[in-house]
Amino acid sequence: MSAHLSSPRIAALVLAGGTGSRMGGCDKTLLPLSRTLTVLDYVLYALRPHCAALAISANGDASRFAPWNLPVLSDMESDTGPLAGILEGLRWAEAQNCSVLITVPGDTPFIPADLPQRLLPAPAVAVSANRHHHLVASWPTSCRSALEAWLSQPECKDKRRIRAFAATLGMRSIVFPDQSPDLFFNINTPDEYAYARTLAYEGLTHA
């Protein structure tokens, strides 16, 4: 059987639920990065060719994402951090008849264009510069019930930790080459935002 015929149906979820506290409380995903494109546009550029379905994970007014015409998934368990968003993503991906969910933070504009393929088979996590990026990962939708059970357990120190839950799945580490800028560089501060805009205007990215 060819690789094309055996490829799983992939969904992707852009995690845009951060508060952006070090950026004055803004939606980092919606920041302009180049003349016509936002950070979100950059992320979607890499994901769209490989994914059968795309969605955004964010709470608050969903209308701010209306220009992208994508589902906006809110999570009801805000005390469990990003894992709650991943759970909603898994439920949504199952409804799209997808067997794999790719997650990517919405403030990580320079992800590689072949990221979804590199993270197959799921579960797998991206690694660069000896750092595991547990929000850049592939999740089999079959792990939904396991995550529901994980989040429903009595409060414990590891309940919110993505790394801890990922370990229960036997998540593989996929090492990406070290380079500058790092493929998984994310925007947390005004200085990092200025740096990202410089990279975009210099044409060092795909925009």
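Values in this document were obtained by computation on a predicted structure and should not be read as measured data.

Student: If you had to explain helix H2 (residues 39-47) to someone new, which residues and values would you point to?
Tutor: Structurally, the α-helix is built with 3.6 residues per turn, so residues lying three or four positions apart point the same way. Most of H2 is tucked away: seven of the nine residues are buried. Along H2, the positions that sit buried rather than exposed are Val-39, Leu-40, Tyr-42, Val-43, Leu-44, Ala-46 and Leu-47. Considering only its buried residues, H2 is in contact with strand S1 (10-15), strand S2 (53-57), strand S4 (100-105), helix H4 (115-118) and helix H7 (190-201).

Student: An account of the pattern of salt bridges is requested, with residue identities and associated values reported.
Tutor: Opposite charge on two side chains permits pairing when their charged atoms draw close. By the definition in use, this model includes seven salt bridges. The partner of Arg-64 in a salt bridge is Asp-27, with the nearest N and O atoms 2.7 Å apart. Remark: Asp-27 occurs in the loop between S1 and H2 and Arg-64 occurs in the loop between S2 and strand S3 (72-73); sequence separation between them is 37 residues. With a shortest N-O distance of 2.6 Å, Arg-91 and Glu-88 are connected by a salt bridge. Pair noted here: Arg-91 and Glu-88 are both in helix H3 (residues 82-95), with a separation of three residues, about one helical turn. Among the ionic contacts, a cluster of salt bridges with common partners joins Glu-88, Arg-91, Glu-94, Arg-144 and Glu-148.

Student: For the side chain of Thr-29, give the residues involved together with the corresponding values.
Tutor: Topologically, Thr-29 is positioned in the loop between S1 and H2. Classification of Thr-29 by relative accessible area gives buried; the value is 5%. Only 3.5 Å separates the side chain of Thr-29 from the backbone oxygen of Gly-106, close enough to count as a polar contact.

Student: Run through the environment of Ser-34, naming residues and quoting values.
Tutor: The topology assignment puts Ser-34 in the loop between S1 and H2. Separated by 162 residues in the primary sequence, Ser-34 and Ala-196 have C-alpha atoms spaced 9.2 Å apart. Among the polar contacts listed, one links the side chain of Ser-34 to the side chain of Tyr-42, at a separation of 3.4 Å.

Student: With reference to specific residues and values, describe the packing of aromatic side chains.
Tutor: How two aromatic rings sit relative to each other is given by the distance of their centres and the angle of their planes. Throughout the structure, instances matching the rule amount to six aromatic pairs. Measuring from ring centre to ring centre gives 6.2 Å for Tyr-42 and Phe-110, while their planes differ by 75 degrees; the resulting arrangement is edge-to-face. Of the two residues, Tyr-42 is situated in helix H2 and Phe-110 in the loop between S4 and H4; the sequence distance between them amounts to 68 residues. Each member of the pair, Tyr-42 as well as Phe-110, is classed as buried. Here Phe-110 and Phe-185 contribute two aromatic rings whose centre-to-centre distance is 6.2 Å and whose plane-to-plane angle is 10 degrees, an arrangement assigned as stacked. Here Phe-185 lies in the loop between strand S7 (172-175) and H7 and Phe-110 lies in the loop between S4 and H4, a separation of 75 residues in the sequence. Joined through ring pairs, the aromatic side chains of Tyr-42, Phe-110, Phe-185 and Tyr-195 make up one cluster. The residue whose ring lies beneath Arg-118 is Phe-176, and the NZ or CZ to ring-centre distance is 4.3 Å.

Calculation criteria
Residues numbered from 1 in each chain as written. Predicted model: local features only at pLDDT ≥ 70, side-chain atom pairs only at ≥ 80, totals over all residues. Heavy atoms only, no water. Buried < 20%, exposed > 50% of the residue type's maximum accessible area, 1.4 Å probe, protein only. Helix = DSSP H or I, 4+ residues; strand = E, 2+ residues; numbered from the N terminus. Contact = heavy atoms within 4.5 Å. Salt bridge = Lys/Arg side-chain N within 4 Å of Asp/Glu carboxyl O. Polar contact = N/O pair within 3.5 Å; in protein donor to acceptor, adjacent residues only side chain to side chain. Phe/Tyr/Trp six-rings, centres within 6.5 Å; stacked < 30°, edge-to-face > 60°. Lys NZ or Arg CZ within 6 Å of the ring centre and 35° of its normal.

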